[in-house]
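Summary of structural features
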Amino acid sequence: ENGPVTNSTTPPQLDGWLHRYSGKVRDLYVPADGSDAHLLVVASNRVSAFDHVLEPPIPGKGALLTALSNWWFERIDLPNHLAGEGSGAPAVPEEVADRAMVTRRLDMHPIECVVRGALTGSGFAEYQRTGAVCGIELPSGIEDGDLLETPIYTPAYKAPLGEHDENITFERSVELVGVEVATALRDASLRIFTAARDLAAERGVILADTKFEFGRDPETGALVLADEVLTSDSSRYWDAEAYADTSRDRAERLASFDKQIVRNWLRAHWDGTGEPPALPDEIVERTYARYRELYTRLTGLER
Ligand SMILES: N#Cc1c(N)ncnc1-c1cnn(Cc2cccc(F)c2)c1
């Protein structure tokens, strides 16, 4: 009889692993043998924009973002969830080897640790409404995309998969996870962001904002950096030269490294209702080239 319907967004069956969750662009698996010390996080080639998962996938995107995340993990001086070789975890299936991470399973903190070095997106919208973000009062007159004097920690309470997270104050995060963990999350997030922002700036790239997730190591209780780090799915990266060119309009200046080509094409070819049209080959190729350019600019490595 007909096998299961599979399309580009159906997560692959992987030997030794069972599919458990799918986010917009990543799939999470647990070991098929029932052990619970590890997870497999697979970065798909899917791209999302305007809250839609787009077709077709961008071949090679998952591998580039996984390589970028691994590159940052190696440079961040905090324990992370990557399971070293010989950790007893099931092997990474060959078919996803370049876009998967075997991780240690942590007790995840339900906080999206967002740090903003510039104000845009949901943070700017909240500022426009209230003059503050997550209870942090900001000076008046900030324009969309302006760099902030110092980065701000603007946590969100993790909503169920697929729903939007809810911006909260630091005090609310203390109520949720206690003052020690809330303080450690904030301090680690600000410290990592600042170091990454400075490194990116040396390479002509603005790290405008990012989102970290942390968990607690069930054995040691230590704070561990989890999820993906500083990828263009979890962060906004802008080209510093374009940003400084005030002759360009705002959309040009705040063009995200990876998604602006897709967003511009969708704005010109989709009225925003129903499902977005499939991206033409040229847009797929140009988008892949932008992912690759960001990776090479930040890491100095060619792929
Ligand atoms: N990372 C990590 C992690 C860990 N090391 N231990 C326990 N849980 C998680 C975990 C649970 N959800 N997510 C988000 C997520 C990622 C990828 C795909 C999805 F659908 C959803 C992360």
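Now for a description of the structure that goes with this document. (Residues numbered from 1 in each chain as written. Predicted model: local features only at pLDDT ≥ 70, side-chain atom pairs only at ≥ 80, totals over all residues. Heavy atoms only, no water.)

The next subject is the packing of aromatic side chains. Under the counting rule described, the total for this entry stands at five aromatic pairs. Both rings, one in phenylalanine 124 and one in tyrosine 127, keep their centres 6.1 Å apart while their planes meet at 35°; by these two values the pair is tilted. With phenylalanine 124 and tyrosine 127 both in helix α2 (residues 121–130) and three residues apart, this pair spans about one turn of that helix. As far as the burial class goes, phenylalanine 124 and tyrosine 127 line up, both buried. Arginine 186 extends its terminal NZ or CZ atom over the ring of phenylalanine 170, reaching a point 4.2 Å from the ring centre. (Phe/Tyr/Trp six-rings, centres within 6.5 Å; stacked < 30°, edge-to-face > 60°. Helix = DSSP H or I, 4+ residues; strand = E, 2+ residues; numbered from the N terminus. Buried < 20%, exposed > 50% of the residue type's maximum accessible area, 1.4 Å probe, protein only. Lys NZ or Arg CZ within 6 Å of the ring centre and 35° of its normal.)

Turning our eyes to something else, we now look at the packing of helix α7 (residues 260–269) against helix α8 (residues 281–299). Where α7 meets α8, the axes come as close as 9 Å, and the angle between the chain directions of the two elements is 150°. Judged by the inter-axis angle, α7 sits roughly antiparallel to α8. Across the interface between the two elements, Ile261, Val262 and Trp265 from α7 touch Ile283, Arg286, Thr287 and Arg290 from α8. For the contact of α7 with α8, the class distribution of residues is four nonpolar, one polar and two charged. (Axes fitted to C-alpha atoms, helices over the stretch in contact; angles between N-to-C directions. Parallel < 35°, antiparallel > 145°, perpendicular 65-115°, else oblique. Contact = heavy atoms within 4.5 Å. Nonpolar A, V, L, I, M, F, W, Y, C, P; charged D, E, K, R; others polar.)

Summed over all chains, the structure comprises 27 salt bridges. Two residues, arginine 186 and aspartate 187, come together in a salt bridge whose shortest N-O distance is 3.3 Å. Glutamate 293 serves as the salt-bridge partner of arginine 297, at 3.4 Å between the closest nitrogen and oxygen. Here arginine 297 and its partner glutamate 293 are both found in helix α8, four residues apart, which amounts to about one turn of the helix. One salt-bridge network, in which partners are shared between bridges, spans Arg26, Glu112, Lys158, Lys211, Glu213, Asp227 and Glu228. (Salt bridge = Lys/Arg side-chain N within 4 Å of Asp/Glu carboxyl O.)

Another point: unusual backbone geometry. Here the amide bond leading from glutamate 55 into proline 56 is cis, since omega sits at -10°, within 30 degrees of zero. Inspection of the secondary structure assignment puts proline 56 in the loop between β5 (52–54) and α1 (61–75). Look at aspartate 51: it is not a glycine, yet its phi comes out positive at around 65°. Of note in the backbone geometry, aspartate 227 takes a positive phi value of approximately 55° without being a glycine. Mapped onto the fold, aspartate 227 is located in the loop between β15 (223–226) and β16 (235–239).

In this section: the sheet that holds strand β6 (residues 100–104). If you walk across this open sheet you meet the four strands as β1-β2-β3-β6, and the pairing is antiparallel. At either end of the open sheet lies a strand with only one pairing partner, and these are β1 (17–22) and β6. Direction aside, the axes of adjacent strands within the sheet are offset by 30° on average. Here strand β2 (residues 26–31) runs beside strand β3 (residues 38–43); their pairing, made up of four bridges, is antiparallel. Residue tyrosine 29 lies in a different strand from β3, and its bridge partner there is leucine 40. Here α1 sits on the sheet in contact with β3 and β6, set at roughly 40° to β6. (Pairing = 2+ DSSP bridges.)

Another point: the site of the ligand. Close contacts around the ligand come from 16 residues, with Gly23, His81, Arg104, Leu106 and Asp227 the closest. At 3.5 Å, a side-chain N or O of threonine 103 approaches a nitrogen atom of the ligand. Within the complex, 89% of the 480 Å² of free accessible area of the ligand lies under protein. Of all elements in the fold, only β1, β2, β3 and β6 reach the threshold of two or more residues within the shell around the ligand. Sort the elements by how many residues they give to the shell around the ligand and β2 lands first, with three residues. (Near = heavy atom within 4 Å. Polar contact = N/O pair within 3.5 Å; in protein donor to acceptor, adjacent residues only side chain to side chain. Areas by Shrake-Rupley, 256 points an atom, 1.4 Å probe, with all protein chains shown as cover.)

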